[in-house]
4 protein chains.
Amino acid sequence: MAVRVGVLGATGAVGQRLIQLLDPHPDFEIAALTASEDSAGKSYRQAAKWRVEGPIPEDVAETTVSATDPDEVPDDIDLIFSSLPSSVGSEVEPAFCEAGYVMSSNSSNARMADDVPLVIPEVNADHLDLLEVQRDERGWDGAMVKNPNCSTITFVPTLAALAEYGLEKVHVATLQAVSGAGYDGVSSMEIIDNAIPYIGSEEDKLETESRKLLGEFDGAELSHNSVEVAASCNRIPTIDGHLENVWVETAEELSAEGAADAMASYPSLELRSSPDQLIHVFDEPDRPQPRLDRSLGDGMAVAAGGLRESSFGLQYNCLAHNTIRGAAGASVLNGELLLENGYL
Amino acid sequence: MAVRVGVLGATGAVGQRLIQLLDPHPDFEIAALTASEDSAGKSYRQAAKWRVEGPIPEDVAETTVSATDPDEVPDDIDLIFSSLPSSVGSEVEPAFCEAGYVMSSNSSNARMADDVPLVIPEVNADHLDLLEVQRDERGWDGAMVKNPNCSTITFVPTLAALAEYGLEKVHVATLQAVSGAGYDGVSSMEIIDNAIPYIGSEEDKLETESRKLLGEFDGAELSHNSVEVAASCNRIPTIDGHLENVWVETAEELSAEGAADAMASYPSLELRSSPDQLIHVFDEPDRPQPRLDRSLGDGMAVAAGGLRESSFGLQYNCLAHNTIRGAAGASVLNGELLLENGYL
Amino acid sequence: MAVRVGVLGATGAVGQRLIQLLDPHPDFEIAALTASEDSAGKSYRQAAKWRVEGPIPEDVAETTVSATDPDEVPDDIDLIFSSLPSSVGSEVEPAFCEAGYVMSSNSSNARMADDVPLVIPEVNADHLDLLEVQRDERGWDGAMVKNPNCSTITFVPTLAALAEYGLEKVHVATLQAVSGAGYDGVSSMEIIDNAIPYIGSEEDKLETESRKLLGEFDGAELSHNSVEVAASCNRIPTIDGHLENVWVETAEELSAEGAADAMASYPSLELRSSPDQLIHVFDEPDRPQPRLDRSLGDGMAVAAGGLRESSFGLQYNCLAHNTIRGAAGASVLNGELLLENGYL
Amino acid sequence: MAVRVGVLGATGAVGQRLIQLLDPHPDFEIAALTASEDSAGKSYRQAAKWRVEGPIPEDVAETTVSATDPDEVPDDIDLIFSSLPSSVGSEVEPAFCEAGYVMSSNSSNARMADDVPLVIPEVNADHLDLLEVQRDERGWDGAMVKNPNCSTITFVPTLAALAEYGLEKVHVATLQAVSGAGYDGVSSMEIIDNAIPYIGSEEDKLETESRKLLGEFDGAELSHNSVEVAASCNRIPTIDGHLENVWVETAEELSAEGAADAMASYPSLELRSSPDQLIHVFDEPDRPQPRLDRSLGDGMAVAAGGLRESSFGLQYNCLAHNTIRGAAGASVLNGELLLENGYL
């Protein structure tokens, strides 16, 4: 019995990736697609300017797009994926949850709310039960789980692997792909032969979401991790794949070799979209690289490399596919976690 | 009376930039060009695959290239500029100095030698007199001054401007242009839609050259600065202009505003190639950007922006044109300093 | 006595280039800037997202932007430059001309109208007197001259140089830079590691504007040239500079050498912005190239190369800077022609 | 029973693609890898700088590379794939054929020889029997079949589909990816923000190979097609996928619709690597595009689009993946054809 799913914001960049991942998914069946008022009533083929590699799945192409409103979506939808702009999400998502829908959302609104679980399943699946608190507090039949920002997802698994050494300080510089900003987010005139050392609100997301993800949930309350993170974010002319330079200072001494072992042996999960190996650790000092390594584990793995000891502790690089592991795939994975944990 | 200059390694990427800067220079006159044995005897037009914007200067085009050997260069050359590969430079440059030539070199060999001044004129012009020690020790009539690596030059002026606050720790991530590797240094298949988080020996140069440049020369000996630097270097798909993310921890408290003032008011020099303003400080958070800002001050200025206070002290971005301020222009400037200080 | 000029659509990509060219212009003085209603009342600095290399000229930065309406522009403006979107231009430009303003416009509306001169001064300056016909027919005190599309300007000068051989058939494939579409015209996700073999209406412009430009004006009527042109247009990931592959079949036999001579000796004009040499002909088979050659003659020259005889007549490549020679510079040049011919 | 295959030139760009295609191939088993003398004796992992997406197949990684010499390759190899530089190929390939090896080669040497079949299986599989003539004339036990140049393969299938209309004249402009030049073929400084309107010998290959491929083989001799082709070749900053603009003049009248039908219905083959549909015809005028469409049919399909009637007959665009359909995949397909036709 397939789980019937709906996609909010189905025509955008992340929405298209969601469809690409959900269409062949053995457990999920696409049953509703929503977009802005302009697109409502059109076929998905007409409404979406499809720009992902490969054609639109045929059955999806002919689906009629509806407005993003709980009243416009069939009642028998079991799970909603949301990739709305945060300004829209902050208004519409609670309405869906109140109407009884369970939601896995990629939108940035409400990620830091006390009663909203922010989850990377391989890192903090146990935070999911914060949904009980959420339902109590909000009186919802539905529920809302969030995945973090694409640049946050890239480095947090590596930090989680090192957590036992006592994380104290992290410096991180990001080299982010243009797809992270959506189809029209970065104009070609801005970025060809260039780099932009600024992405609005991005540094704050890395600094705060990482502490929440690495925090402890005692069944009632979530306490954030005490690690201090300082981020510096850059946009560069790559299509997909966020690369990050990380420096970590830990309470206990940490060798490059120990860190490599901790990362390589960090466990993955048995969820359908989890990669066999969560963190690939490269010996070659010039890896990972976005174009060569973003598709590891079908885009769901994280890659690390260049592990070395610096004046200030451990230093390394990491990489993840920002629209798969960092966005659409992250939401699908949270959907799978909701299914496995009986929330659907 | 023009100073007669020679250029060693005149056909390479930095060599071509040197010619572009020296040809119209009011004080210097190109009187000798050298390259590898293969090129000796050819006209410069034949020997160099000219790839800088604009045509080869006509008089230079017809100059005959000679081998890189002191015996092949006229005696009446007053000043030698060198942009040789370091493996060649380490063999050939001392031979020129021993033969009596005064040299301003961009090659990385011998930069860290105790008796070789490593100079950015606006930062540590006083180190030039280390040449007296050098001549004593080596018994040279000639002399050798070096400019630092392109990625080092980009951030050291900003650190120099903050030095009065007591530099303690610096983290720096670089986003470096492909021209820094020379014409054939980075293949297009390696870098289009990609980034490479590794540049051989580059991190070490940033970490050690910066301490030497910021050190103190007491007339006899040079002591390096005690600041600790940890660098992470990346190659990205830009043509020219190295962008760097910097975090600085200082002994005294340093506000973003104080830092901006210190940088903007850091003095330039009256040398011909010095920019009117050494460090341009942008208010716009998304500047500097390589394509838009690398040509400030005809490529000889440094740009800074994004000054903000992070968890760990000051954070900012800086930028310089790597083949002008970071290489050819740096050597020309050191040549001008040699001239002004009576070494020619 | 400087000519007082206004710029319609001053905040866009071409508008910014216009300002960059007009600010230091010895004959013109910027006296009015217009943009959309949203920008009216703001300083130019606030209204324009300045993205051209180098800073905004200081005096321009503080100029107050007005709405694009003849009533909002001072009466003592001698010459209007227009770089409006064609949908706006088709409504607003005639209103300015009716109100008595003389206009040099880059907008595509009305380019093919029978009584509107479409002019590249070095090619068909004599068409300018079509303005007499225009004033008669429209009852305007003002007047409107247009420059052609950027991709048209690139190859028409080379065709004009060959016209004496009897142009019969032309095939042209274009490789066009992203700046031709304006700042937000091409998203980075569309074009990085890609090419797009389609630019809306562009092929038609090359095919029809070229015939008008190469036509004959007998003082009363303009007859179009009979050459048949088939164009194929592509967008590629370059910032500036349109490169074109051209095949020409002529009535008289035409050797590659003869064509090179005809192009190299094709006369330029004495107007301020005309380059010393209009068409640079390269011997090197791999030139011209956009990044290396777009700035020839300060961006106002055309470059040609790769001249060779194919199965079907002459074959060659040509190049021009699309936002300078192909747009802003083209309009300025037409303004200079209007001045010289006593229309101001 | 798997066919045992060897790869000559296994460490280069095409060699790596060959390994990527051959490793999982159900009929072929990699049994020998050769490279230059420098690499002989090393493991493939050490010898090759692996730059294709995904890791080196494990068993291949540990294979010892031998020198490219018939004496160094096991006798029981059934089929040799060659992707040698043509200068090496012209010396070494005949030695292998003389020693009895059957070879499918991508190298450009000998492609136009009268007794060497140049084959695209879906287009001219019947030319393969020219091997009988070859063996007779050369006294070889082995045999040598060639696939054409990558840019030739891109447009010839579309011409073959239109051949019944009587091909007369073809103009073709190519926009070629950097991978076509091999890993170090195009430096990043040459191509970022640029295009190069010249690729050595490429135009001649398009013009002559196409006539041979579209020719008739009567069992004894091969006559070339009489179509005249004029090509203009450009390198642009894309990684993979050659895009081409084509104009075709035919003896019989040809509508855009008729051409689309002819292309879409052009038959593929039942060989393992043949795509289900050989030519995909897009309705969208802005397709095909390299990044979006190069992977159609696992990189073995050809895409066409923009079909329209111009002043001079039919005009359209086409695209193929240059290192798969245009090189490694083309060789594998010819290997499959050799197998099916009993040459192994």
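Bear in mind that the values here come from a model prediction, so they are computed numbers and not experimental data. (Residues numbered from 1 in each chain as written. Chains lettered and ligands numbered in written order. Predicted model: local features only at pLDDT ≥ 70, side-chain atom pairs only at ≥ 80, totals over all residues.)

Visitor: Now, about the overall build of chain A: what can you tell me, with residues and values included?
Guide: In terms of regular secondary structure, chain A is built from 12 helices and 14 strands. In terms of overall dimensions, chain A is globule-like: its C-alpha atoms have a radius of gyration of 19 Å, near the 20 Å expected for 344 residues. Its C-alpha atoms give chain A principal-axis dimensions of about 60 × 50 × 35 Å. A burial count over chain A gives 60% of its 344 residues as buried. The contacts in chain A between residues at least 6 apart in sequence include a share of 74% that link residues at least 24 apart. (Helix = DSSP H or I, 4+ residues; strand = E, 2+ residues; numbered from the N terminus. Rg over C-alpha atoms; globule rule 2.2 N^0.38 Å. Buried ≥ 20, exposed ≤ 12 C-beta atoms within 10 Å, placed from the backbone. Contact = placed C-beta atoms within 7 Å.)

Visitor: Can you tell me about unusual backbone geometry, naming the residues and giving the values?
Guide: A cis amide bond, omega 0°, links R287(B) with the succeeding residue P288(B). Mapping P288(B) onto the fold places it in the loop between β12 (279-281) and α11 (290-293). The backbone of D298(B) sits at a positive phi, close to 55°, despite the residue not being glycine. Note that D298(B) resides in the loop between α11 and β13 (302-310). Not every positive phi belongs to a glycine, and S201(D) is a case in point at roughly 65°. With respect to the secondary-structure elements, S201(D) resides in the loop between α8 (188-191) and α9 (202-213).

Visitor: Break down the environment of S201(C) for me, with residues and values.
Guide: Judged by the 10 C-beta atoms lying within 10 Å of it, S201(C) is exposed. For S201(C) and L292(C), which are 91 residues apart along the polypeptide, the C-alpha to C-alpha distance reads 28 Å.

Visitor: Tell me about the sheet that holds strand β11 (residues 242-250) of chain D, and please be specific about residues and values.
Guide: Residue and element names in this part refer to chain D. A sheet is described by the order of its strands in space; here 6 strands give the open sequence β10-β7-β11-β14-β13-β12, paired in mixed fashion. Every interior strand has two partners, whereas the edge strands, β10 (228-235) and β12 (279-281), have only one. Put simply, the sheet's adjacent strands are angled 20° from each other on average, direction ignored. Where strand β13 (residues 302-310) meets strand β14 (residues 313-320), 7 bridges bridge the pair, whose relative direction is antiparallel. Bridge pairing in β14 places G305 opposite N317. On the sheet, helix α10 (residues 256-264) packs against β12, β13 and β14 and is oriented at approximately 165° with respect to β13. (Pairing = 2+ DSSP bridges. Axes fitted to C-alpha atoms, helices over the stretch in contact; angles between N-to-C directions.)

Visitor: Give me the lowdown on the relation of the copies chain D and chain C, citing residues and values where you can.
Guide: The second copy of the chain is related to the first by a rotation about an axis and a shift along the axis. When chain D is fitted to chain C, the best match, at an RMSD of 0.0 Å, comes from turning it 180° and sliding it 0.0 Å along the axis. Taken together, these values place the two copies in the relation of a two-fold axis. Looking at the interface residues of chain D, 100% of them are also at the interface in chain C, so both copies use one shared face. (Least-squares fit on C-alpha atoms with pLDDT ≥ 70 in both.)

Visitor: Residue-level account of the environment of V172(B), with values.
Guide: All names here are of chain B. The residue V172 is located in strand β7 (residues 167-176) in this model. Since 28 C-beta atoms lie within 10 Å of it, V172 is described here as buried. Apart from residues no more than four positions distant in its own chain, V172 is found in contact with F155, L206, V229, A231, E244, N245 and V246.

Visitor: Account for the domain arrangement of chain A, with residues named and values stated.
Guide: Residue and element names in this part refer to chain A. Domains assigned within chain A are domain 1 (3-149 + 327-340) and domain 2 (150-321). Each of domain 1 and domain 2 has a C-alpha centre, and these two points are 24 Å apart. On the domain 2 side, the residues contacting the 29 residues of domain 1 number 28 residues. Elements with a contribution of two residues or more to the side of domain 1 that touches domain 2: α5 (121-124), α6 (130-138) and α12 (324-340). Sorting elements by how many residues they give to the side of domain 1 that touches domain 2 places α12 first, with 8 residues. Partitioned by chemical class, the residues of the side of domain 1 that touches domain 2 number 15 nonpolar, 5 polar and 9 charged. (Domains from an automatic or database assignment. Nonpolar A, V, L, I, M, F, W, Y, C, P; charged D, E, K, R; others polar.)

Visitor: Describe the relation of the copies chain A and chain B, naming the residues involved and giving the relevant values.
Guide: Superposition record for chain A on chain B: RMSD 0.0 Å, screw rotation 180°, translation along axis 0.0 Å. Mapped onto chain B, 100% of the interface residues of chain A again fall at the interface, so both copies present the same surface.

Visitor: Describe the interface of chain A and chain B, listing the residues and the values that go with them.
Guide: Taken together, the contact between chain A and chain B spans 32 residues of the former and 32 residues of the latter. Where the side of chain A that touches chain B is concerned, the elements lending two or more residues are β7 (167-176), β10 (228-235), β11 (242-250), α11 (290-293), β13 (302-310) and β14 (313-320) of chain A. Of the residues in the side of chain A that touches chain B, the class split is 15 nonpolar, 12 polar and 5 charged.

Visitor: Explain the sheet that holds strand β1 (residues 3-8) of chain D residue by residue, including any values.
Guide: All names here are of chain D. Strands sit in the order β3-β2-β1-β4-β5-β6 across an open sheet of 6 strands; the sheet is parallel. Of all the strands in the sheet, the pair left with one neighbour each is β3 (66-67) and β6 (143-146). Strand contacts of helix α4 (residues 86-98): β4 (79-82), β5 (102-105) and β6, with the helix running at about 150° to β5, the strand carrying the most contacts.

Visitor: I'd like a rundown of the confidence of the model for chain A, residues and numbers included.
Guide: On average, chain A scores 96 in pLDDT, and the residues at 70 or more come to 100%. Scored as a whole, the predicted complex attains pTM 0.96, and scored at its interfaces, ipTM 0.96. (pLDDT = per-residue confidence, 0-100.)

Visitor: A description of the interface of chain D and chain C should follow, citing residues and the corresponding values.
Guide: Across the boundary between the two partners, chain D contributes 32 residues, which contact 32 residues of chain C. The set of elements that each furnish at least two residues to the side of chain D that touches chain C consists of β7 (167-176), β10, β11, α11 (290-293), β13 and β14 of chain D. Looking at the side of chain D that touches chain C residue by residue, the class counts come to 15 nonpolar, 12 polar and 5 charged.

Visitor: Which residues make up α6(A), and what values go with them?
Guide: All names here are of chain A. Listed as buried for α6 are L130, L131 and Q134. Looking straight down α6, one finds that the buried residues subtend no more than 100° of arc, so they occupy a single side. On the buried face of α6, the contacting elements are β6 (143-146), β8 (216-217) and β9 (222-223). A positive backbone phi angle near 65° is found at G139, which sits one or two residues after α6. (Arc of directions from axis to C-beta.)

Visitor: So, the pairing of β13(B): which residues are in play, and what are the values?
Guide: All names here are of chain B. With 7 of 9 residues buried, β13 lies mostly within the body of the structure. One ladder, built from 3 bridges, connects β12 with β13; its direction is parallel. When the sheet's bridge partners are listed, V281 is paired in β13 with A304. Taking the residues that link successive antiparallel strands as the turn, the β13-strand β14 (residues 313-320) hairpin has 2 residues.

Visitor: Hey, could you go over the packing of helix α7 (residues 150-162) of chain D against α10(D) for me, with residue numbers and the actual values?
Guide: Residue and element names in this part refer to chain D. Their axes nearest at 8 Å, the elements α7 and α10 cross at an angle of 110°. In terms of orientation, α7 lies roughly perpendicular with respect to α10. Crossing hand, α7 versus α10: right-handed. From α7, T158, A161 and L162 reach across to α10, where they touch A259, A262 and M263. By residue class, the composition of the contact of α7 with α10 is 5 nonpolar, 1 polar and no charged. (Parallel < 35°, antiparallel > 145°, perpendicular 65-115°, else oblique. Left-handed = near helix turned anticlockwise from the far one by under 90°.)

Visitor: Residue-level account of the pairing of β10(D), with values.
Guide: All names here are of chain D. With 7 of its 8 residues buried, β10 lies for the most part within the structure. Strand direction decides the pairing type here: β7 and β10, joined by 8 bridges, are parallel. Across the sheet, the residue bridging to Q176 is R235, located in β10.

Visitor: Please provide a residue-by-residue account of the environment of C97(D), values included.
Guide: Its place among the elements puts C97(D) in helix α4. Note: C-alpha distance between C97(D) and A143(D) (46 residues apart in sequence) is 5.5 Å.

Visitor: Give me the lowdown on helix α4 (residues 86-98) of chain C, citing residues and values where you can.
Guide: All names here are of chain C. Here α4 spans 18 Å end to end across 13 residues, near enough to the 18 Å set by a 1.5 Å rise per residue. By the largest-angle criterion, V92 marks the main kink of α4, which is about 30°, and a proline, P94, follows within four residues. Considered for burial, the residues of α4 that qualify are G89, V92, E93, F96 and C97. Among the structural elements, β4 (79-82), β5 (102-105) and β6 (143-146) are those in contact with the buried residues of α4. (Expected span 1.5 Å × (residues − 1). Bend = angle between axes of the 7 residues up to and from the residue.)

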